[in-house]
Amino acid sequence: AQQDPISTFISARVIGDAGGPFVRTVLLNAGSRDGVVKGQAAINGDGLVGRVAEVGTKSSRILLLTDLNSRVPAILEPSRDRGILEGNNSNIVRLSYLPASVQMSPGDRVVTSGHGGVFPAELPIGTLTSVIDGVAYIQPYVQFHRLDYVRLVRHSFTLPPDREVAEKPARPSSRSSLRPTQ
């Protein structure tokens, strides 16, 4: 039996666009004093907004899904094929690294896969609009120019007790090179 991941939320207000090395970011009025940590997923009522890229005491910076540096493990529905969602500094994002045999149709839904453990699985991302040279282009559900409030998701997996025991490192054998010298 596998336990469900545990998620908690921190609500924050968008207080401005940010400068710096990233093109598509926003500043939030929540930081480390509020429990924000780097890497948390940022969502709103429409779907995935991005992830926390930088954290200060009272504010944080969200790297938007559309930024050129954004990479998100995703699933194309209904086929359940996995790919990587890549931002390109426009309002349309690419779903790359899909299997060559994948069947795609405009309107197919794209969600987070949960692989890598950063984002919870099944967060809505957007819909397929077109396929050009084997690359799927996705229209995000989020209207990035209208961001007001977001929720930051603290997401962690807990192992069942029997898995915790099974995955502890084995003790070194008597032949181990870690044995103290005499």
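These numbers come from a predicted model, not from an experiment. (Residues numbered from 1 in each chain as written. Predicted model: local features only at pLDDT ≥ 70, side-chain atom pairs only at ≥ 80, totals over all residues. Heavy atoms only, no water.)

Draft legend 1. Seen up close, the confidence of the model for the protein chain. Per-residue pLDDT for the protein chain has a mean of 82; in total, 78% of the residues score no lower than 70. Within the protein chain, no element has a lower average pLDDT than helix H1 (residues 161-166), which sits at 39, and none a higher one than strand E9 (residues 109-112), at 96. Contacts from residues 157-182, a stretch scored under 50 in pLDDT, to residues over four places away or in other chains number 12 contacts. (pLDDT = per-residue confidence, 0-100. Helix = DSSP H or I, 4+ residues; strand = E, 2+ residues; numbered from the N terminus. Contact = heavy atoms within 4.5 Å.)

Draft legend 2. Broad picture of the pairing of strand E10 (residues 124-132). Pairing analysis gives 3 bridges linking E9 to E10, with the strands arranged antiparallel. Note that in E10 the partner of valine 110 across the bridge is glycine 126. Across 6 bridges, the pairing between E10 and strand E11 (residues 135-140) is antiparallel. Its bridge partner being in E11, leucine 128 is matched across the sheet by isoleucine 138. (Pairing = 2+ DSSP bridges.)

Draft legend 3. Quick peek at the nonpolar core. Residues Leu48, Val49, Ile62, Leu85, Leu95, Leu147 and Leu152 are the most contacted members of the largest nonpolar core, which totals 37 residues. Excluding anything up to four places from it in sequence, leucine 48 contacts Ala41, Ala42, Ile43, Leu65, Val72, Thr112, Phe119, Leu123, Pro124, Ile125, Val142 and Phe144. (Core = buried A, V, L, I, M, F, W, Y, C linked by side-chain atoms within 4.5 Å. Buried < 20%, exposed > 50% of the residue type's maximum accessible area, 1.4 Å probe, protein only.)

Draft legend 4. Looking closely at the environment of valine 142. Within the secondary structure layout, valine 142 lies in the loop between E11 and strand E12 (149-156). With 97 residues separating them along the chain, valine 142 and glycine 45 place their C-alpha atoms 8.3 Å apart. Setting aside chain neighbours within four positions, we find valine 142 in contact with Asn44, Asp46, Gly47, Leu48, Val49 and Leu147.

Draft legend 5. Examining the layout of surface pockets more closely. Of the volumes computed, that of the largest pocket is approximately 280 Å³. Of all the elements in the fold, those that place two or more residues in the lining of the largest pocket are strand E1 (6-17), strand E2 (25-28) and E11. (1 Å grid on protein atoms, 1.4 Å probe; cavity = no way out; pocket = protein on both sides within 12 Å on 5 of 7 lines; lining within 4 Å. Points joined across faces, edges and corners; volume = space filled by probe spheres on them.)

Draft legend 6. A look at the sheet that holds strand E6 (residues 71-76). The 6 strands are arranged E6-E7-E8-E11-E10-E9 in a closed barrel whose pairing can be described as antiparallel. For this sheet, the mean angle separating the axes of adjacent strands, direction not counted, is 40 degrees. (Axes fitted to C-alpha atoms, helices over the stretch in contact; angles between N-to-C directions.)

Draft legend 7. Up close: the side chain of asparagine 44. Residue placement: asparagine 44 occurs in the loop between strand E3 (41-43) and strand E4 (48-55). With a relative accessible area of 16%, asparagine 44 lands in the buried category. Polar side-chain contacts of asparagine 44 include one of 2.8 Å to the backbone nitrogen of aspartate 46. What asparagine 44 contacts, discounting residues up to four positions off in sequence, is Val49, Val142, Leu147 and Tyr149. (Polar contact = N/O pair within 3.5 Å; in protein donor to acceptor, adjacent residues only side chain to side chain.)

Draft legend 8. Spotlight on the packing of aromatic side chains. In this structure the tally under the stated criterion is 0 aromatic pairs. In this structure, arginine 151 is placed above the aromatic ring of phenylalanine 9, and the distance from its NZ or CZ to the ring centre is 4.5 Å. (Phe/Tyr/Trp six-rings, centres within 6.5 Å; stacked < 30°, edge-to-face > 60°. Lys NZ or Arg CZ within 6 Å of the ring centre and 35° of its normal.)

Draft legend 9. Local environment of the pattern of salt bridges. As enumerated under the stated definition, the model contains 7 salt bridges in all. Across the salt bridge formed by glutamate 54 and arginine 61, the nearest N and O atoms sit 3.5 Å from each other. Residue classification places glutamate 54 among the partly exposed positions, given a relative accessible area of 36%. Taking relative accessible area as the criterion, arginine 61 reaches 13% and is therefore assigned buried. Arginine 109 is the salt-bridge partner of glutamate 77, the closest N and O atoms lying 3.2 Å from each other. Of this pair, glutamate 77 sits in the loop between E6 and strand E7 (81-86) while arginine 109 sits in strand E9; the two residues are 32 residues apart in sequence, bridging distant segments of the chain. Note on arginine 109: relative accessible area 32%, which makes it partly exposed. (Salt bridge = Lys/Arg side-chain N within 4 Å of Asp/Glu carboxyl O.)

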